[in-house]
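Here is what each chain is made of, one letter per residue.
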There are 2 protein chains.
Amino acid sequence: MTDCLFCKIVNGEIPAHKVYEDKDVLAFLEINPDNSGHTLVISKNHSENLLDTSGEDLRTLISIIPKIAKGVCESLDYKGFNLLVNNGSVAGQLVPHLHFHIIPRKEDDGHEHFVGEPYQDGEIEQVAEKIRKILK
Amino acid sequence: MTDCLFCKIVNGEIPAHKVYEDKDVLAFLEINPDNSGHTLVISKNHSENLLDTSGEDLRTLISIIPKIAKGVCESLDYKGFNLLVNNGSVAGQLVPHLHFHIIPRKEDDGHEHFVGEPYQDGEIEQVAEKIRKILK
């Protein structure tokens, strides 16, 4: 898409710090990293998010992500990583071109995780039933 | 694996609130949700994380995740979601059986995102070079 920031990076119209590229996929550094080495992985084909992308593009992306994540961790001496997609603006998606964040992690890096809370009595069964019904 | 919590859920030894199941994949509610409807999606085949799973299992998982995420959001009236894998204990992984979190999101739900900071001058080029080198 002509007005898409990440498509412009794919096309070379905007520079980026690329760390991996093949004919289908591009990975480059997030410029405001959560930790040094925070990498974004995108398909060269434009799609806005996980709900409008093709299964083929998604399978191509996920197939290469472990290799890239392993490379990020090994080259910078991290012990693990978060793989994250923010799907929709309410979820923190800023650029409407599907991208997977690889956020390398180490002990005591100051990042907290979402902390969940248990359901109220009986609530979990109702929630499960609502989802099951629509997925049937 | 006999001592794996999620394998026990797959085998029916431990109950769970299942929302989707096919021959390869199981999705069930997280019991300590970040938001109501927070769902975990796993492959029935055991693997510990993204780095030891098979490409085939990973492609099977990612192919069904958009459908499940759409179902979670539509049934419970959410506007977006985060897709998250915590890979390794330093990244917050609690159960060593690869699982994708689908965390449905709405405006002002109280969850904050990781907030990144820019690199120091010249640092980003060095980081990119280290990763590129290992990925070659």
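Everything quoted here is computed from the prediction, not taken from an experiment.

(A) Quick look at the relation of the copies chain A and chain B. Mapping chain A onto chain B calls for a rotation angle of 180° and an axial translation of 0.0 Å; the resulting RMSD is 0.0 Å. Interpreted geometrically, this transformation is the action of a two-fold axis. For chain A, the smallest separation between a C-alpha atom and the rotation axis is recorded for A:Leu84, amounting to 2.3 Å. The fraction of interface residues of chain A whose copies in chain B are also interface residues reaches 100%, indicating that both copies meet through the same surface.

(B) Structural detail: the packing of aromatic side chains. All names here are of chain A. Per the counting criterion, the structure on display carries two aromatic pairs over all chains. An angle of 80° between the planes, with centres 5.3 Å apart, marks the rings of Phe6 and Phe28 as edge-to-face. Note that Phe6 is positioned in helix α1 (residues 5-10) and Phe28 in strand β2 (residues 25-29), a separation of 22 residues in sequence. As far as the burial class goes, Phe6 and Phe28 line up, both buried.

(C) Geometry of the state of the cysteines. All names here are of chain A. Applying the stated criterion to the full structure yields zero disulfides over all chains. The closest cysteine sulfur to the non-disulfide-bonded Cys4 is located on Cys7, 3.8 Å from its own sulfur. Judged by relative accessible area, Cys4 falls into the buried class, the value being 4%.

(D) Representation of the interface of chain A and chain B in the model. Each partner contributes to the interface: chain A provides 66 residues, whereas chain B provides 66 residues. Together chain A and chain B conceal approximately 5700 Å² of surface at their shared face, both sides included; 69% is due to carbon and sulfur atoms. Here chain A and chain B share zero salt bridges between them. Breaking the side of chain A that touches chain B down by element, the ones donating at least two residues are β1 (18-21), α2 (55-76), β4 (80-87), β5 (100-105) and α3 (123-135) of chain A. At 13 residues, α2(A) tops the list of elements feeding residues into the side of chain A that touches chain B. Tallied by class, residues from the side of chain A that touches chain B come to 31 nonpolar, 18 polar and 17 charged.

Scoring rules and cut-offs
- Residues numbered from 1 in each chain as written.
- Chains lettered and ligands numbered in written order.
- Predicted model: local features only at pLDDT ≥ 70, side-chain atom pairs only at ≥ 80, totals over all residues.
- Heavy atoms only, no water.
- Least-squares fit on C-alpha atoms with pLDDT ≥ 70 in both.
- Contact = heavy atoms within 4.5 Å.
- Phe/Tyr/Trp six-rings, centres within 6.5 Å; stacked < 30°, edge-to-face > 60°.
- Helix = DSSP H or I, 4+ residues; strand = E, 2+ residues; numbered from the N terminus.
- Buried < 20%, exposed > 50% of the residue type's maximum accessible area, 1.4 Å probe, protein only.
- Disulfide = S-S within 2.5 Å.
- Buried area = accessible area lost by both parts, 1.4 Å probe.
- Salt bridge = Lys/Arg side-chain N within 4 Å of Asp/Glu carboxyl O.
- Nonpolar A, V, L, I, M, F, W, Y, C, P; charged D, E, K, R; others polar.

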